[in-house]
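# What the coordinates show
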Amino acid sequence: MQAIDETTASQDRRAPVSIIYEWLTTVDHKKIGLMYIAFALFFLLVGGVEALLIRIQLMVPNNHFLSPQVFNRLFTMHGTTMVFFAGMPILFGFGNYLVPLMIGARDMAFPKLNAFSFWISAFGGILLYFSYFGGSGLYAAGTAPDVGWFAYAPLTSKVFSPGHSTDYWSLSLFLSGIGSIGTALNIVTTILCMRCKGMTMTRLPLLPWLYLVTSGLVFVAVGPLSAAQIMLTLDRYLGAHFFDTQAGGSAVLWMHFFWIFGHPEVYILVLPAFAFANEIIPVFSRKAMFGYPAMVAASVAIGFVSLSVWAHHMFTVGMGPAGNTFFVFATMVISVPTGIKIFNWLATIWGGKISFAVPMLFCIGFLFQFLVAGLTGIMLSAAPFNWQLNNSYFVVAHFHYVLVGAILFALFGAFYYWYPKVTGKLMNETLGKWHFWLMVVGFHLTFDFMHIPGILGMPRRIYTYEANRGWQGWNMIVGVGGVIQAVAILCFVYNLISSYRHGEDAGTDPWDAWTLEWATQSPPPSYNFAIEPTVASRRPLWDLKHPEDPDSDYE
Amino acid sequence: MSTPVSGVPINQSEIEWRLPYRGTIGMGCLILAESAVFIIFVVAYVYYLGKSLNGPTPSQVLELPILGTICLLSSSVTAHLAVSALRKGNLRSCTANLAGTVLLGLIFLCTTAREWYHLIHDEHLTIKTNLFGTTYYALVGLHATHVVIGLVLLFTAFVFALAGRVKEEHLEKLDVLSIYWHFVDAVWVVVFLVVYVLGR
């Protein structure tokens, strides 16, 4: 198939300074998307190293590999980094790169706001890690935060958290919150106002649809987080009393405010993962997506219901039976639209001509692990069960099942799937399969076995433990699994770099896919499409390749 | 039937293809996010009503800001008039209405400043005093911040209008600005009800 644009990319060599200047000042959505992804991958590695240190500390009982203070800082930084500076930016990066291409637009709706959002988020991440230079470090300003990623009051008050570590935490989250809202605003406006001719909302690919829902969640979830950070900062700098229990303030109010953000946040992270699976599974099954309207409806339903489940993090706080019952019910209801999605993916695969390329392997891993994560989620959403396991390692295992087993797996699938579009080179399949199988083995060793010490009563955030608790064997397995995952990720990073230099040429459309991003050349020129495309169905490239039997005849 | 032209199918029957204006959608998103922020501050205010451990209480120190409220709400009307004047091409009326909006907004800000001066200087109520002080200054201050931002934007628009640089093609932009200003006013209605009517 011929690319839309025939002009060849200029191969002239330029001075490194001018290339760096171009990247720093760019307003091109593709470059900003790539910078988001690079920034997030860097923090993914940093957060991963922190996780490894935590696991090494817990591998054997009575371990003093780390000091308790360093341990506290590590789990706080691990959680904060992974959610705010790895998870959200990487998903926004993919959104930035793909949404305009998939809807046939030349750029985002507000290119300058896009650059601003990226840089302010990046600055938030740098600020968070700059805190390490304080206190006992280079500058006497403070040191890394050690209050846990949800920073419960009154631990964050001046009395219990002196110095500036908590200020670094709240300011960096506030900055990244502004960046997230800016990017989400841009994505919504791009999808609603920049679609190419003929792309009605019912012909919109599922990826932009899910980014639309995700962005909606960003507005109503990240706003409260920013509000809570303002309050916390007022408490710490101006002596206000929002979360000061000595002056009648409430610690539970912080929990509510944090989880009003914190639970939808899980869906902000998982909906883009669904979006990747929605694009990859049909292409590698050689079938159109089963139940497109049901998929859209289920996503919107998840978006709405996720706003009313936050207090399932607070069953043990004393809300009373009425409150608990409401949040048990609301949480369990989420499994209905999620179930619809799983059935639709299975129905798409069913009877398809399946090709087990690396992106598809990761999506199958995603499907299976997401199902298991959903099952432990239903267990935890039952208040009596939750009372038993609240704040134990069972909870940690459950949410890592979602974050790693579902989101990270779908994300790796997305990397292998869109890498040829971004670089023009295919990623190495053999290394990719090594990456996949090592990841599967490491993941299941780590997070399957992590449930067990949780059931045996091991609390989360514990620094070390006695030998007679029956946790040590399990923690050893978990630690070994963590090391295997680290090897898998190194495999992936090596593949990313070496395929860029030595990979096979991918051509415009290596997967024989159906959405518009594969209609332009790889990598796409700065204006994306030389002629703005017009579409007549959900699979424009199918129509193009099969003019005798186009989709538009059936829709 | 579709014909492949330069890589992508073109629909032969030319359809009317209209998309919403991006400024309006963007402002709608911003308002959604800002509403979520304000809701959190309002919830904190209501939650802490009557929970202060020491005085003064709202009923002892707060007075109804009638003048400020009237000015702010009328400024919404003048903002609307400015947009409709521009739509009719009446630049002189547009400029005058923008000036009126800025003036009314400034009067509102002055009444807030006077109220804060009175509370801090005479009643010794600061953000540190008690929960009422904390939530009151945070909520009203957040709203005042939005008023200041709106006034800066409106003043800029006024200066451009005075210099004759505002044309009919800027109608959509001015409309987006007026939507923001209406939102700030609507928030004030909520703040007024919660802080000065219910809370007192």
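Scoring rules and cut-offs
- Residues numbered from 1 in each chain as written.
- Chains lettered and ligands numbered in written order.
- Predicted model: local features only at pLDDT ≥ 70, side-chain atom pairs only at ≥ 80, totals over all residues.
- Heavy atoms only, no water.
- Helix = DSSP H or I, 4+ residues; strand = E, 2+ residues; numbered from the N terminus.
- Contact = heavy atoms within 4.5 Å.
- Areas by Shrake-Rupley, 256 points an atom, 1.4 Å probe, with all protein chains shown as cover.
- Lys, Arg positive; Asp, Glu negative; His and termini not counted.
- Charge placed at Lys NZ, Arg CZ, Asp CG, Glu CD.
- Rg over C-alpha atoms; globule rule 2.2 N^0.38 Å.
- Buried < 20%, exposed > 50% of the residue type's maximum accessible area, 1.4 Å probe, protein only.
- pLDDT = per-residue confidence, 0-100.
- Axes fitted to C-alpha atoms, helices over the stretch in contact; angles between N-to-C directions.
- Parallel < 35°, antiparallel > 145°, perpendicular 65-115°, else oblique.
- Left-handed = near helix turned anticlockwise from the far one by under 90°.
- Nonpolar A, V, L, I, M, F, W, Y, C, P; charged D, E, K, R; others polar.
- Salt bridge = Lys/Arg side-chain N within 4 Å of Asp/Glu carboxyl O.
- Buried area = accessible area lost by both parts, 1.4 Å probe.
- Polar contact = N/O pair within 3.5 Å; in protein donor to acceptor, adjacent residues only side chain to side chain.
- Bend = angle between axes of the 7 residues up to and from the residue.
- Core = buried A, V, L, I, M, F, W, Y, C linked by side-chain atoms within 4.5 Å.
- Patch = residues over 30% accessible without salt bridge, like charges linked within 9 Å, V, L, I, M, F, W, Y side chains within 5 Å.
- Phe/Tyr/Trp six-rings, centres within 6.5 Å; stacked < 30°, edge-to-face > 60°.
- Lys NZ or Arg CZ within 6 Å of the ring centre and 35° of its normal.
- Expected span 1.5 Å × (residues − 1).
- Disulfide = S-S within 2.5 Å.

## Quick look at the overall build of chain A
Within chain A, the regular secondary structure consists of 16 helices and zero strands. If you line up chain A on its principal axes, its C-alpha atoms span 70 × 50 × 40 Å. Sequence separation of 24 or more characterises 81% of the internal contacts of chain A that already satisfy a separation of 6 or more. Carbon and sulfur atoms provide 71% of the accessible area of chain A, an area that totals close to 20,700 Å². Each charge class in chain A can be summarised by its mean position, and for the 27 positive and 28 negative side chains these summaries are 3 Å apart.

## Observations regarding the overall build of chain B
A tally of regular secondary structure across chain B gives six helices and two strands. In chain B, the succession of helices and strands from N to C terminus is β-β-α-α-α-α-α-α. For a compact globule of 200 residues, the expected C-alpha radius of gyration is about 16 Å, and chain B comes in at 22 Å, more than 25% above that figure. Along the first, second and third principal axes, the C-alpha atoms of chain B reach 75 × 40 × 20 Å. Within chain B, buried positions represent 48% of all 200 residues. For chain B, the proportion of contacts with a sequence separation of at least 24, taken over those separated by at least 6, is 81%. Split by element, the accessible area of chain B, about 10,000 Å² in all, is 67% carbon and sulfur.

## A look at the confidence of the model for chain A
Mean pLDDT over chain A works out to 92, with 96% of the residues at or above the 70 mark. Contacts from residues 1-11 of chain A, a stretch scored under 50 in pLDDT, to residues over four places away or in other chains number 23 contacts.

## With respect to the environment of A:Gly318
All names here are of chain A. Mapped onto the elements of the fold, Gly318 is located in the loop between α8 (292-305) and α9 (320-333). When its relative accessible area of 65% is taken as the criterion, Gly318 is described as exposed. Gly318 sits 172 residues away from Leu490 along the chain, and the two C-alpha atoms are 45 Å apart.

## Quick notes on the environment of A:Leu438
Residues and elements named next belong to chain A. Along the polypeptide, Leu438 turns up in helix α14 (residues 429-455). The class of Leu438 is partly exposed, set by a relative accessible area of 22%. On a C-alpha basis, the gap between Leu438 and Val266 in space is 26 Å, while along the polypeptide they are 172 residues apart. Once you skip the residues sitting within four places of it in the chain, Leu438 turns out to touch Ile484, Val487 and Ala488.

## Some details on the packing of helix α6 (residues 206-238) of chain A against helix α7 (residues 251-285) of chain A
Residue and element names in this part refer to chain A. Running from N to C, α6 and α7 cross one another at 160 degrees; their axes reach a closest spacing of 8 Å. With respect to each other, α6 and α7 are oriented roughly antiparallel. Once α6 is placed against α7, the crossing between them reads as left-handed. Its residues assigned to classes, the contact of α6 with α7 shows 27 nonpolar, three polar and one charged.

## Some remarks on the pattern of salt bridges
Residues and elements named next belong to chain A. In this structure the tally under the stated criterion is 10 salt bridges over all chains. We note a salt bridge from Lys425 to Asp505, for which the minimum N-O separation is 3.7 Å. Here Lys425, found in the loop between α13 (393-423) and α14, pairs with Asp505, found in the loop between α15 (472-502) and α16 (540-545); they are 80 residues apart in sequence, far enough to count as distant. A salt bridge links Lys545 to Asp512; the nearest nitrogen and oxygen atoms lie 2.6 Å apart. Residue Lys545 is found in helix α16, and its partner Asp512 is found in the loop between α15 and α16; the two are separated by 33 residues along the sequence. Through salt bridges with shared partners, a single network forms among Arg286, Asp509, Asp512 and Lys545.

## A look at the interface of chain A and chain B
Taken together, the contact pairs 48 residues of chain A with 39 residues of chain B. Overall, the association of chain A and chain B removes approximately 3,800 Å² of surface from exposure, summing both partners, and the carbon and sulfur fraction of that is 76%. Joining chain A to chain B, the criterion identifies seven residue pairs in polar contact (both at pLDDT 80 or more). Of all the secondary structure elements, the ones that give two or more residues to the side of chain A that touches chain B are α5 (165-193), α6, α7 and α16 of chain A. Examining the composition of the side of chain A that touches chain B, we find that nine residues originate from one element, α6(A), more than from any other. In terms of residue class, the side of chain A that touches chain B is made up of 34 nonpolar, 11 polar and three charged.

## Things to note about unusual backbone geometry
Most peptide bonds take the trans configuration, and most residues that are not glycine carry a negative phi. Residue and element names in this part refer to chain A. Omega for the peptide link from Ser522 to Pro523 comes to -10 degrees, which places this bond in the cis form. Structurally, Pro523 is set in the loop between α15 and α16. Of note, Asn62 is a non-glycine position whose phi angle comes to about 55 degrees, a positive value.

## Focus: α13(A)
Residue and element names in this part refer to chain A. The largest bend along α13 measures about 40 degrees and falls at Tyr417, with the proline Pro420 one to four residues further on. Among the 31 residues that make up α13, 28 are buried, leaving the element largely enclosed by the rest of the structure. Capping the start of α13 is the job of one residue whose side-chain oxygen sits 3.1 Å from the backbone nitrogen of Phe394: Ser392. Of the residues one or two after α13, Gly424 is the one with positive phi, at around 80 degrees.

## Overview of the nonpolar core
Within the largest apolar cluster, 233 residues are counted, with the highest numbers of intra-cluster contacts made by A:Phe94, A:Phe276, A:Trp345, A:Phe366 and B:Tyr136. The biggest single contributor to this core is α7(A), with 22 residues. What A:Trp345 contacts, discounting residues up to four positions off in sequence, is A:Phe274, A:Ala277, A:Asn278, A:Ile281, A:Met289, A:Met295, A:Phe366 and A:Leu367.

## Considerations on a nonpolar patch on the surface
On the surface, a nonpolar cluster with roughly 570 Å² of combined accessible area is contributed by B:Leu64, B:Ile66, B:Ile70, B:Leu73, B:Val189, B:Leu193 and B:Val197. Contributing elements (two or more residues each) for the nonpolar patch: α3 (66-87) and α6 (171-198) of chain B.

## Some remarks on the confidence of the model for chain B
All names here are of chain B. Put simply, chain B has an average pLDDT of 91, and 92% of its residues get 70 or more. Residue range residues 1-7 is modelled with pLDDT below 50. Its contacts to residues more than four positions away, or to other chains, number 15 contacts. With pTM at 0.93, the complex prediction returns an ipTM value of 0.92.

## Topic: the packing of aromatic side chains
Residue and element names in this part refer to chain A. Tallied over the entire structure, the rule returns 68 aromatic pairs over all chains. Taking NZ or CZ as reference, Lys158 lies 5.8 Å from the ring centre of Tyr237, over its face. For the cation-ring pair, Arg539 lies above Trp542, with the distance from its terminal atom to the ring centre recorded as 4.5 Å.

## Concerning α5(A)
Given a rise of 1.5 Å per residue, 29 residues ought to cover 42 Å, and the 42 Å separating the end C-alpha atoms of α5(A) matches this to within 8%. Burial analysis of α5(A) places 25 of its 29 residues in the buried class, which makes it a mostly covered element.

## Quick word on the state of the cysteines
All told, the structure shown has zero disulfides over all chains when counted by the stated rule. Cysteine A:Cys193 shares no disulfide, and the gap to the nearest cysteine sulfur, in B:Cys29, comes to 8.7 Å. When its relative accessible area of 10% is taken as the criterion, A:Cys193 is described as buried. Residue classification places B:Cys29 among the buried residues on the basis of a relative accessible area of 7%.

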